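# Overview (structure and organization)
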Amino acid sequence: MNFFRGVMGGQAAGPQPTGAETIQKLCDRVASSTLLEDRRDAVRALKSLSKKYRMEVGTQATDHLINILQTDRSDSEILGYALDTLYNIICNDEEEEQDETAQKQADDLGTKFTEAFIQDPEHITLLLTMLEEFDFHVRWPAVKLLTALLRNQCVQLQSIILVSPMGVSRLMDLLADSREVIRNDGLLLLQQLTKGNAAIQKIVAFENAFERLLDIITEEGSSDGGIVVEDCLLLLRNLLKNNSSNQNFFKEGSFIQRMKPWFEVGDDNSGWSAQKVTNLHLMLQLVRVMVSPVNSPGATASCQKSMYQCGLLQQLCTILMATGVPADILTETINTVSEVIRGSQVNQDYFASVNAPSNPPRPAIVVLLMSMVNERQPFVLRCAVLYCFQCFLYKNQKGQGEIVATLLPSTIDANSISAGQLLCGGLFSADSLSNWCASVALAHALQDNLTQKEQLLRVQLATSLGKPPVSLLQQCTNILSQGDKISRRGSKVQTRVGLLMLLCTWINNCPIAVTHFLHNQENVPFLTAQISENLGEDERLVQGLCALLLGICIYYNDNSLENYTKEKLKQLIEKRIGKENFVEKLGFVTKHELYSRAAQKPQPVFPAPDQMLFDHEFTKLVKELEGVITKAVHKSSEDEKKEEEVKKTLEQHDNIVTQYKELIREQDAKIQELKEQVSSMTTQNEQMQTTMAQQLSQIQQHKDQYNLLKLKLGKENPSHANNSLGDSAHVNGMQTEKATQLQEEMEELRGQHALLQTQLGEKDAIIDSLRSEGSQSADGATGGSDDTELLKELELLRSQVQTQAAEITQLKSDNENLLRGAETESTGAAPSGDFLSDATKMAELESRLAAQTSEMERLKEEFQGLTESRAQLEQQAASATSSAAILQTEMAKLEVDLQDSKKEQDDLLVLLADQDQKIQSLRQRLKDLGEMVDDEDELDTRDQTDEDDEDED
């Protein structure tokens with residue numbers, strides 16, 4: 001302990017040890033001491049020396065400090081000292097001011113120690129486990145140390161934390177800490193962690209970061225909050241910028257709606273604090289991140305729709321029209337509103353309806369344009385207004401028509417200031433920046449809108465008293481020519497570039513505007529003179545734009561002016577300028593440095609007003625026209641004639657192909673109709689089969705019910721008849737019934753007798769034939785004995801039959817006597833004495849014939865059942881056969897029609913293949929001649945052919 005008192009307390013006698021020696025002794029004490037208090041004191045001493053002797057402590061003590069973190073986990077105090085020491089040697093923050101060389105050495109030293117520390121990923125895992133300690137003296141130093149490591153080696157540390165189990169989740173828990181110091185430093189840690197790493201950004205977002213951060217912003221007072229709100233907004237920007245997944249999650253989670261209260265400003269906007277300006281600036285940037293033009297169009301449109309529906313756009317427009325708003329906030333608000341309405345028709349329509357709180361109310365567009373053409377306004381504000389106007393007109397033909405209409409004679413109101421008047425005022429102003437901004441704004445009102453280009457040709461301007469009005473197109477060329485005369489004394493290149501961009505956009509793809517431009521006899525000589533001269537570096541850009549304008553006059557020339565046809569203009573270029581020189585001057589435009597800068601993004605961002613030369617949309621136009629103009633200039637008149645012939649031929653072939661396509665479509669429609677008919681008929685047939693089966697089932701049910709009713713009636717009628725006879729019929733009722741029964745039995749016996757006689761005749765015939773055969777073979781036949789026995793059996797059978805016949809005859813006579821006796825009894829005569837004996841004989845006979853009669857009845861019933869079943873089956877088969885025949889006939893007709901259609905299609909496909917081959921050869925001829933050929937028709941033809949082949953399959 002005396003050693004530590006010497007280091008920390010008063011100085012001992014003798015020579016004092018150097019810093020390195022002291023640090024070495026402290027490191028030995030940390031490594032060798034068995035008592036926790038000794039190690040704790042040694043680490044505390046190292047902490048106190050770590051800032052002054054950063055190199056020595058970092059070199060000698062790092063391993064010992066890491067060992068302390070691993071072994072002394074139970075003592076939070078020594079852990080806090082060790083973490084603070086490591087933070088001091090790794091962190092590059094210096095309290096005192098240093099020169100640039102010393103600061104660079106300090107940064108290099110921190111990077112060196114950081115690389116050594118993260119060589120073993122277990123060290124980072126160890127620090128992440130320290131974050132689970134709730135003790136303030138452990139958790140806070142661990143947060144600061146991880147933040148310092150991320151500042152020095154961000155990418156390497158991100159990869160380690162990404163693969164660490166629950167690494168990001170432990171860091172996210174810092175936002176829920178009740179101690180604001182730890183929570184705020186956790187925000188700084190997450191800011192460093194989420195820089196440029198999309199994977200970590202997604203994990204943080206799905207750890208409910210959006211909800212927590214928005215809650216913190218609300219608790220801290222939104223835009224009126226302090227530095228914590230700024231840190232939250234910076235973290236949100238890291239999570240959302242260039243991360244489409246997080247942006248979609250933010251929108252789907254309805255977090256856009258929670259942004260609206262940020263922009264609720266009061267009437268008194270004076271005295272904004274610097275922190276509030278910073279916060280609101282970051283909030284506006286977050287809105288722009290969600291609707292940036294670099295995002296996918298679908299995601300941007302969805303966010304724009306949500307911002308309009310929740311009222312966020314309306315709130316931004318309120319700030320836009322408010323008074324007392326700082327200039328930088330107003331500028332950023334204009335840029336934000338620009339991107340919220342860009343390409344969204346609903347939002348653009350709402351913006352057009354916004355009025356400024358003035359008397360009388362003026363549209364917001366007019367108020368903004370007044371700032372744009374006012375040279376006393378800040379440069380960044382004027383650029384923001386121009387961007388807002390461009391976004392308002394982007395893909396908004398309705399808005400373009402409204403702007404151009406304010407310039408037409410029939411809609412001009414002398415008592416009010418319109419957008420068209422402001423643009424014309426800026427176009428002819430003495431301020432070159434106003435000239436450029438007005439030219440670009442007016443060009444956007446004509447972008448991809450042929451109708452408005454033609455409408456703008458009607459605009460007439462009154463130049464001075466006593467002189468006739470001139471068209472707007474002519475006035476633009478007049479300013480160009482006047483600027484060229486002034487250019488010898490140092491002209492405004494910016495004005496001329498703006499006017500040339502306007503003219504190129506105006507006459508592009510508009511032959512009527514080209515004719516109006518060429519109608520002025522001075523325009524073509526002016527352009528050729530500009531292009532042919534050898535001027536300085538600054539004038540090359542103007543020469544290139546003049547070449548572009550002249551090239552558009554050639555490419556979109558309809559040859560309506562005899563003096564300025566395509567061929568004459570090309571001859572003029574060849575004689576006055578030279579084709580190669582013309583193409584070289586045209587190439588100056590795309591080679592300009594500011595052209596490349598403007599082509600990067602739609603927003604006009606320029607470091608200085610004199611560098612404001614190119615518009616983003618105009619760079620697209622130059623890229624599109626440069627190649628076609630070059631080919632048009634080099635093309636000869638013969639090539640053009642051949643091209644025209646080829647175009648006419650292609651048009652004819654296209655018409656033929658179109659006719660064939662229509663014919664094929666009609667046949668396809670017919671085939672489809674026939675298929676539908678077959679399908680409907682099949683369905684109808686199935687329905688009829690089902691209906692028929694149901695009807696048969698119903699008929700069978702009715703039959704069963706009828707039989708049941710018949711049986712019931714049969715059982716009820718005999719008893720009813722017996723009850724209704726009366727006593728008068730009781731005497732002779734039984735006798736009459738017996739007589740009737742006997743008569744029926746007599747009829748049956750007669751039938752049986754006739755059947756037996758028939759059988760007897762057949763057997764007699766067989767016996768006779770056998771006798772004849774027997775007599776023929778009686779002398780020596782081997783089967784003679786067998787035949788004799790057979791004959792004996794037949795004779796016996798014949799005698800039995802004859803006996804039965806005699807008995808039947810006797811029975812017949814007995815029955816007749818019985819019938820006569822029964823008739824006598826029925827008339828009241830006395831009964832015969834032999835009646836009982838005859839009845840007995842009849843009973844015996846009935847018993848003998850009972851078996852034969854029952855067997856015959858059974859066979860009759862089976863035969864009748866089989867006959868009825870056969871009749872029903874034949875009827876069903878006949879109906880099914882007729883239905884099948886009808887369907888087969890219809891199917892045969894459809895197959896014939898289908899075969900005919902397929903044959904016609906094959907013929908048409910052969911013709912189409914021939915036509916396509918001819919078209920391809922003609923297109924190839926055009927390409928060989930150097931003509932640009934649009935392949936859209938070819939692709940359409942191929943696609944249609946492929947569709948026809950698929951339909952046929």
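## Considering the overall build of the protein chain
Regarding its fold elements, the protein chain presents 40 helices and 4 strands. Here the analysis covers contacts within the protein chain between residues at least 6 apart in sequence; of these, 72% occur between residues at least 24 apart.

## Quick look at the packing of aromatic side chains
Counted according to the given criterion, the structure contains 12 aromatic pairs. Residues Tyr308 and Tyr350 carry aromatic rings whose centres are separated by 5.9 Å and whose planes lie at 65 degrees to one another, so their mutual orientation is edge-to-face. Of this pair, Tyr308 sits in helix α17 (residues 297-309) while Tyr350 sits in helix α20 (residues 345-353), and the two are 42 residues apart along the sequence. The class of Tyr350 is partly exposed, set by a relative accessible area of 22%. Through successive ring pairs, a cluster of aromatic residues spans Phe206, Phe210, Phe249, Phe250 and Phe255. The ring of Tyr87 is capped by Lys144, whose NZ or CZ atom sits 5.1 Å from the centre of that ring.

## Here we look at unusual backbone geometry
We note that Met166 has phi near 60 degrees; this positive angle belongs to a residue other than glycine. By the secondary structure assignment, Met166 is in the loop between α9 (154-163) and α10 (167-172).

## Digging into empty space enclosed by the protein
Throughout the structure, instances matching the rule amount to 7 cavities of 30 Å³ or more. Of the volumes computed, that of the largest cavity is approximately 70 Å³. Residue classes in the lining of the largest cavity are distributed as 6 nonpolar, 5 polar and 2 charged.

## Examining the nonpolar core
The biggest cluster of nonpolar side chains holds 207 residues, and the ones touching the most others in it are Ile124, Leu171, Trp262, Phe263, Phe351 and Phe614. Examining the composition of this core, we find that 12 residues originate from one element, helix α22 (residues 379-393), more than from any other. Here Phe614 is in contact with Trp436, Met501, Leu541, Val589, His592, Leu594, Tyr595, Ala598, Phe606 and Thr619, once residues within four sequence places are set aside. Core analysis: the second largest hydrophobic core is formed by 9 residues, Leu909, Leu912, Ile919 and Leu926 among them.

## Things to note about the packing of helix α19 (residues 327-341) against α20
Axes are the key here: two packed helices are described by the angle between their axes and the distance separating the axes. It is at 8 Å that the axes of α19 and α20 come closest, and there the two elements cross at 135 degrees. As summarised for this structure, α19 and α20 are arranged oblique, according to the angle between their axes. When α19 is examined against α20, the residues Val337, Val340 and Ile341 are found in contact with a partner set consisting of Asn347, Gln348 and Phe351. Among the residues making up the contact of α19 with α20, the classes are represented as 4 nonpolar, 2 polar and no charged.

## Quick word on the side chain of Gln667
By the element assignment, Gln667 lies in helix α36 (residues 637-725). Leave out the neighbours within four places in its chain, and Gln667 touches Ser901, Glu904, Gln905 and Leu908.

## Considerations on the packing of α22 against helix α25 (residues 432-446)
α25 packs onto α22 with a crossing angle of 10 degrees between their chain directions and a minimal axis gap of 9 Å. Overall, the two elements α22 and α25 adopt an arrangement that is roughly parallel. On α25, the residues that touch Phe379, Arg382, Leu386, Phe389, Gln390 and Leu393 of α22 are Leu433, Ser434, Trp436, Cys437, Val440, Ala441, His444 and Ala445. For the contact of α22 with α25, a count of residues per class yields 10 nonpolar, 3 polar and 1 charged.

## Considerations on helix α14 (residues 227-240)
The terminal C-alpha atoms of α14, which comprises 14 residues, lie 20 Å apart, in line with the 20 Å expected from a rise of 1.5 Å per residue. Where burial is concerned, most of α14 is hidden: 12 out of the 14 residues are buried. Buried residues along α14 sit in contact with α11 (180-193), α12 (198-206), α13 (209-219), α15 (244-252) and α16 (274-290). One or two residues past the end of α14 sits Asn242, with phi positive at roughly 60 degrees.

## Quick word on the state of the cysteines
Joining two cysteines, a disulfide is a covalent bond between their sulfur atoms. With the rule as written, the count across this model stands at 0 disulfides. Just so you know, Cys317 is unpaired, no disulfide at all, and the nearest cysteine sulfur is the one on Cys388, 8.2 Å from it. Distance from the sulfur of Cys437, which forms no disulfide, to the nearest cysteine sulfur (Cys383) is 6.3 Å. Given a relative accessible area of 1%, Cys437 falls into the buried group.

## Regarding the pattern of salt bridges
Summed over the entire model, instances satisfying the criterion amount to 22 salt bridges. The closest approach of N and O atoms between Glu539 and Arg496, which form a salt bridge, is 3.0 Å. Of this pair, Glu539 sits in the loop between α30 (523-532) and α31 (540-555) while Arg496 sits in helix α28 (residues 493-507), placing them 43 residues apart in sequence. Grouping residues by exposure puts Glu539 and Arg496 together as buried.

## Comments concerning a negative patch on the surface
On the surface, Asp897, Asp900, Glu904, Asp906 and Asp907 cluster together to form a negatively charged patch. With respect to the secondary-structure elements, Asp897 resides in helix α39 (residues 835-928). Here Asp897 falls in the partly exposed class, since its relative accessible area comes to 32%.

Reading the values: the criteria
Residues numbered from 1 in each chain as written. Predicted model: local features only at pLDDT ≥ 70, side-chain atom pairs only at ≥ 80, totals over all residues. Heavy atoms only, no water. Helix = DSSP H or I, 4+ residues; strand = E, 2+ residues; numbered from the N terminus. Contact = heavy atoms within 4.5 Å. Phe/Tyr/Trp six-rings, centres within 6.5 Å; stacked < 30°, edge-to-face > 60°. Buried < 20%, exposed > 50% of the residue type's maximum accessible area, 1.4 Å probe, protein only. Lys NZ or Arg CZ within 6 Å of the ring centre and 35° of its normal. 1 Å grid on protein atoms, 1.4 Å probe; cavity = no way out; pocket = protein on both sides within 12 Å on 5 of 7 lines; lining within 4 Å. Points joined across faces, edges and corners; volume = space filled by probe spheres on them. Nonpolar A, V, L, I, M, F, W, Y, C, P; charged D, E, K, R; others polar. Core = buried A, V, L, I, M, F, W, Y, C linked by side-chain atoms within 4.5 Å. Axes fitted to C-alpha atoms, helices over the stretch in contact; angles between N-to-C directions. Parallel < 35°, antiparallel > 145°, perpendicular 65-115°, else oblique. Expected span 1.5 Å × (residues − 1). Disulfide = S-S within 2.5 Å. Salt bridge = Lys/Arg side-chain N within 4 Å of Asp/Glu carboxyl O. Patch = residues over 30% accessible without salt bridge, like charges linked within 9 Å, V, L, I, M, F, W, Y side chains within 5 Å. Areas by Shrake-Rupley, 256 points an atom, 1.4 Å probe, with all protein chains shown as cover. Lys, Arg positive; Asp, Glu negative; His and termini not counted. Charge placed at Lys NZ, Arg CZ, Asp CG, Glu CD.

Geometric descriptors of this kind do not, in isolation, establish any biological role.
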